[in-house]
Amino acid sequence: MLNVSNLEQEINRLKHRMNAVILGHYYQDSEIQDVADFVGDSLQLSQKAAAVSAEVIVFCGVLFMAETAKILNPQKLVLLPDMAAGCSLADGCPAELFRLFRERHPDHIVVSYINCSAEVKALSDVICTSSNAENIIRQIPAEQPIIFAPDQHLGRYLIKKTGRDMKLWPGSCIVHEQFSERNLVKLKERHPAAIVLAHPECAEAILRHADYVGSTTGILKYAQTSPATEFIVATESGLLHQMEKACPGKTFIVPPGESGCSCSECPHMKRNTMEKLYLCMRDRTPEITINEELRLRALHPIERMLQMS
Ligand code: 13P
Ligand code: SF4
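The rules we used
Residues numbered from 1 in each chain as written. Chains lettered and ligands numbered in written order. Predicted model: local features only at pLDDT ≥ 70, side-chain atom pairs only at ≥ 80, totals over all residues. Heavy atoms only, no water. Near = heavy atom within 4 Å. Polar contact = N/O pair within 3.5 Å; in protein donor to acceptor, adjacent residues only side chain to side chain. Areas by Shrake-Rupley, 256 points an atom, 1.4 Å probe, with all protein chains shown as cover. 1 Å grid on protein atoms, 1.4 Å probe; cavity = no way out; pocket = protein on both sides within 12 Å on 5 of 7 lines; lining within 4 Å. Sits in = over half its atoms within 2 Å of the grid points. Helix = DSSP H or I, 4+ residues; strand = E, 2+ residues; numbered from the N terminus. Buried < 20%, exposed > 50% of the residue type's maximum accessible area, 1.4 Å probe, protein only. Disulfide = S-S within 2.5 Å. Nonpolar A, V, L, I, M, F, W, Y, C, P; charged D, E, K, R; others polar. Points joined across faces, edges and corners; volume = space filled by probe spheres on them. Salt bridge = Lys/Arg side-chain N within 4 Å of Asp/Glu carboxyl O.

Participant: Give a description of the site of ligand 1 that names residues and reports values.
Facilitator: Around ligand 1 sit 14 residues in total, of which His25, Ser42, His199, Glu201 and Thr216 are the nearest. Separating an oxygen atom of ligand 1 from a side-chain N or O atom of asparagine 115 is a distance of 3.4 Å. Between ligand 1 and the protein, one listed contact pairs an oxygen atom with a side-chain N or O atom of glutamate 201 at 3.0 Å. Across the complex, the protein chains shield 96% of the 300 Å² of accessible surface that ligand 1 would expose by itself. Taken atom by atom, the bulk of ligand 1 overlaps the largest cavity.

And the structure:
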């Protein structure tokens, strides 16, 4: 079996031979982030996927991200190291139920968070990510009623920020929902100078303690530009790799969950490993495939997001 440095060499060799680009989300293991050509948040990764010239896109993230890359690049081979890398938000919003929800509110425009299946995207009017959601909602005329899906916590945060009364799908992220307010307060008491940075997928009880709420890229940039040296970071712990690289000398702490556990690793994101990345490139599988009629319906709201961003 190859060790990590051999795997890295083999992945780089295959990348050149295949004319591939490796896109990685901040929640991937640090060695995957280090071998990726581009690491970013959901919006940056979809913008990158829309612009790449390589013949093959190897997506180190979860299924909805790789699907978005395929929707934007039907002619390219899009690989995902582990096809079982799902997302609790996407899984908690089945298209058949979402269609019924939408049908009950025919006068509403549907804004869906990118963390949803291609089928749910196809039932949506515009897609958003955590970094452009507020901006997109502010562009929708005030009298137009809105359905926001599938993240109820991001939805509630956006209602508070924009003052819009949106109908919310009751989904949530298993990673961001597990942070405990009680343990966060105790942690703040032990680190009174620490700045609290939180992703808007966290529940309101966590967000109310945050000094800054933003996407993964927003959190990273805030830590880079802040004069503070200690931060409590309420998001998936993979982001700390780039934060520590970009901010030498600063300290980052991930708050514990309710039972005191460090449950801030996304089990879906962490399904991808260096070995699976190497194997998927060597064998050119698992490959993302999307039926053309569905792809065209899902493409429209994604393009709308890219135009509105
Ligand atoms: P962003 O990368 O847009 O901040 O989203 C985080 C996330 O949960 C991706 O699954
Ligand atoms: Fe989905 Fe949460 Fe994992 Fe992101 S961190 S992929 S929202 S389960």
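Participant: Describe unusual backbone geometry, listing the residues and the values that go with them.
Facilitator: For the bond from alanine 149 to proline 150, the omega torsion is -10°, close enough to zero to count as cis. Here the residue pair threonine 285 and proline 286 is connected by a cis peptide bond, since its omega of 5° sits within 30 degrees of zero. Along the polypeptide, proline 286 turns up in the loop between helix H14 (274-283) and helix H15 (292-308). The phi dihedral of asparagine 19 falls on the positive side, at around 55°, and the residue is not glycine. Looking at where asparagine 19 falls in the secondary structure, it is placed in the loop between helix H1 (4-18) and strand S1 (20-25). We classify asparagine 19 as partly exposed; its relative accessible area is 34%.

Participant: Could you give an account of the state of the cysteines, with specific residues and numbers?
Facilitator: Across all of its chains, the model carries zero disulfides by this definition. Free cysteine: cysteine 60, not disulfide-bonded; nearest cysteine sulfur from cysteine 280 at 6.9 Å. Residue cysteine 60 is classed as buried on the basis of its relative accessible area of 0%. Overall, cysteine 280 belongs to the buried group, its relative accessible area being 1%.

Participant: Break down the site of ligand 2 for me, citing the residues and quoting the values.
Facilitator: The environment of ligand 2 is made up of Tyr27, Val62, Cys87, Ser88, Leu89, Asn115, Cys173, Val175, Glu201, Cys266, His268 and Met269. A molecule is said to occupy a pocket when more than half its atoms come within 2 Å of that pocket's grid points, and by this definition ligand 2 occupies the largest cavity. Taken together, the residues that form the shell around ligand 2 break down as eight nonpolar, three polar and one charged.

Participant: I'd like a description of the layout of surface pockets, backed by residues and values.
Facilitator: By volume, the largest pocket amounts to about 250 Å³. What lines the largest pocket is a set of 19 residues, and nearest its centre among them are Ser130, Ser131, Tyr212, Gly214 and Ser215. Residue assignment for the lining of the largest pocket shows that the elements contributing at least two residues are helix H3 (42-51), helix H8 (133-138), helix H9 (152-162), strand S10 (212-213) and helix H12 (216-225). For the lining of the largest pocket, the class distribution of residues is eight nonpolar, eight polar and three charged.

Participant: For the environment of leucine 123, give the residues involved together with the corresponding values.
Facilitator: With respect to the helices and strands, the residue leucine 123 is situated in the loop between helix H7 (118-122) and strand S6 (126-128). Sequence separation of leucine 123 and arginine 17 is 106 residues, and the distance between their C-alpha atoms is 38 Å.

Participant: Account for empty space enclosed by the protein, naming residues and giving values.
Facilitator: Throughout the structure, instances matching the rule amount to two cavities of 30 Å³ or more. What the largest cavity holds in volume is close to 240 Å³. Lining the largest cavity we find 28 residues, and of these Tyr27, Phe64, Asn115, Glu201 and Met269 sit closest to its centre. Elements supplying a minimum of two residues to the lining of the largest cavity: H3 and helix H4 (63-72). Here the residues of the lining of the largest cavity sort into twelve nonpolar, 13 polar and three charged. Here the second largest cavity defines a volume of roughly 50 Å³. Taken together, Ser42, Leu45, Ser46, Ala49, Phe59, Met65, Thr68, Ala69 and Ile114 make up the full set of residues lining the second largest cavity. Elements represented by at least two residues in the lining of the second largest cavity include exactly H3 and H4. For the lining of the second largest cavity, the residue count by class is six nonpolar, three polar and no charged.

Participant: Kindly report on the pattern of salt bridges, identifying the contributing residues and their values.
Facilitator: On inspection of all chains with the given rule, the structure shows 14 salt bridges. Two residues, aspartate 283 and arginine 282, come together in a salt bridge whose shortest N-O distance is 2.8 Å. Residue aspartate 283 is classed as partly exposed on the basis of its relative accessible area, which comes to 39%. On the accessibility criterion, arginine 282 (47% relative accessible area) is partly exposed. Arginine 295 is the salt-bridge partner of glutamate 292, the closest N and O atoms lying 2.8 Å from each other. You can see glutamate 292 and its partner arginine 295 sitting in helix H15, three residues apart, about one turn around the helix. What makes glutamate 292 partly exposed here is its relative accessible area of 41%. Through salt bridges with shared partners, a single network forms among Asp82, Arg271 and Lys276.

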